[in-house]
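Residue-level structure breakdown
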Amino acid sequence: MTAQAGDSGTAATNARTATPEPLYGGRAPRRVTVRDIAAAKARGERWPMLTAYDALTARVFDDAGIPVLLVGDSAGMVVYGHDTTIPVTVDDLLPLTAAVVRGTRRAMVVADLPFGSYQGSPQAALAAATRFLKEAGAHAVKLEGGHRVLRQVEDLVAAGIPVMAHLGLTPQSVNAFGGYRVQGRGEDGEQLLHDAKALQAAGAFSVVLEAVPADLASRVTASLSIPTIGIGAGPDCDAQVLVWQDMAGLSPRTPKFVRRYADVGGVLREAARSFAEEVASGRFPGEEHSYR
């Protein structure tokens, strides 16, 4: 069958006028990009983000339609058993990031730049971020801080590396904060708002707001053209993120802002006990689990 002259133009028009796929739950066979995230902000669409640190869990979240997965330096606690994120290195996070990328087909995978890998200079930031994109296949990086990292953000974006910013309670600064405390109250809120606008101007495609008053997060969200991603920042952010082990009930202790959506810890504990009891009693393995 021969195509008519107007067919291609009609197809193009239909593509332009088609209802855009939602960021959460979309099924297009391609990766989510910063353009998709910007479009969701323009539509007023809210979306979820979770952490991930391995291929199997990442595949589950990808199949669930989660559009953005963060390989967070929270791996310091939930993977490596540290008390804070500070000991984590680039070499610690690279294999985790690569695993998450391999386990997903659609989700944008964002890699945290760990403490000490970017604060020293824009050159250090570019070197660390480049490794995550080249060696692990990450699609973007995240870094913490406001005005002190503007040059790093500018240089990374100029190099073609999408940057997710992070304000409020920035865990890599826990020692300077004197603990995990709410940030941005009083006059500090104006500085946070100023930092958010400056990060947007520097080219960040989104900004995480962690442990800040809900009314401040609402103001920041309304003031920016890029999306805000809340974690302990109230209901008015464009997106919400949680550490998956907190969300799923695997972590033994969780902050106030976490809601547990499952008891994965309890399920695993019961599975381990059932396995152990069957081994001890001789019921496992049975004939159906044995070769002849």
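Provided above is the structure to which this section pertains.
Residues numbered from 1 in each chain as written. Predicted model: local features only at pLDDT ≥ 70, side-chain atom pairs only at ≥ 80, totals over all residues. Heavy atoms only, no water.

**Thoughts on a nonpolar patch on the surface**
There is a patch of nonpolar side chains on the surface, built from Met-77, Val-78, Val-79 and Tyr-80 and spanning about 280 Å² of accessible area. Here Val-78 is to be found in helix α4 (residues 75–78). Judged by its relative accessible area of 31%, Val-78 falls in the partly exposed class. (Patch = residues over 30% accessible without salt bridge, like charges linked within 9 Å, V, L, I, M, F, W, Y side chains within 5 Å. Areas by Shrake-Rupley, 256 points an atom, 1.4 Å probe, with all protein chains shown as cover. Salt bridge = Lys/Arg side-chain N within 4 Å of Asp/Glu carboxyl O. Helix = DSSP H or I, 4+ residues; strand = E, 2+ residues; numbered from the N terminus. Buried < 20%, exposed > 50% of the residue type's maximum accessible area, 1.4 Å probe, protein only.)

**Brief notes about the environment of Ser-251**
Turning to its location among the elements, Ser-251 is positioned in the loop between α11 (244–247) and α12 (264–281). Using a relative accessible area of 9% as the deciding quantity, one classes Ser-251 as buried. Spatially, the C-alpha atoms of Ser-251 and Asp-188 are 31 Å apart, while their sequence positions differ by 63 residues. Residues contacting Ser-251, with those up to four places away along its chain left out, are Gln-245, Asp-246 and Arg-260. (Contact = heavy atoms within 4.5 Å.)

**Considering the layout of surface pockets**
One number sums up the size of the largest pocket: a volume of about 850 Å³. Lining the largest pocket are 32 residues, and of these Ser-74, Met-77, Val-243, Asp-246 and Pro-255 lie nearest its centre. Broken down by secondary-structure element, the contributors of at least two residues to the lining of the largest pocket are α4, β6 (206–210), β8 (239–242) and α11. Across the lining of the largest pocket, the residue classes tally to 17 nonpolar, seven polar and eight charged. Forming the walls of the second largest pocket are 17 residues, and the residues nearest its centre are Gln-240, Val-241, Leu-242, Met-247 and Tyr-261. Within the residue set of the lining of the second largest pocket, elements represented by two or more residues are β1 (47–51), β7 (228–231) and β8. (1 Å grid on protein atoms, 1.4 Å probe; cavity = no way out; pocket = protein on both sides within 12 Å on 5 of 7 lines; lining within 4 Å. Points joined across faces, edges and corners; volume = space filled by probe spheres on them. Nonpolar A, V, L, I, M, F, W, Y, C, P; charged D, E, K, R; others polar.)

Everything listed here is a matter of coordinates, which is why it stays silent on function.
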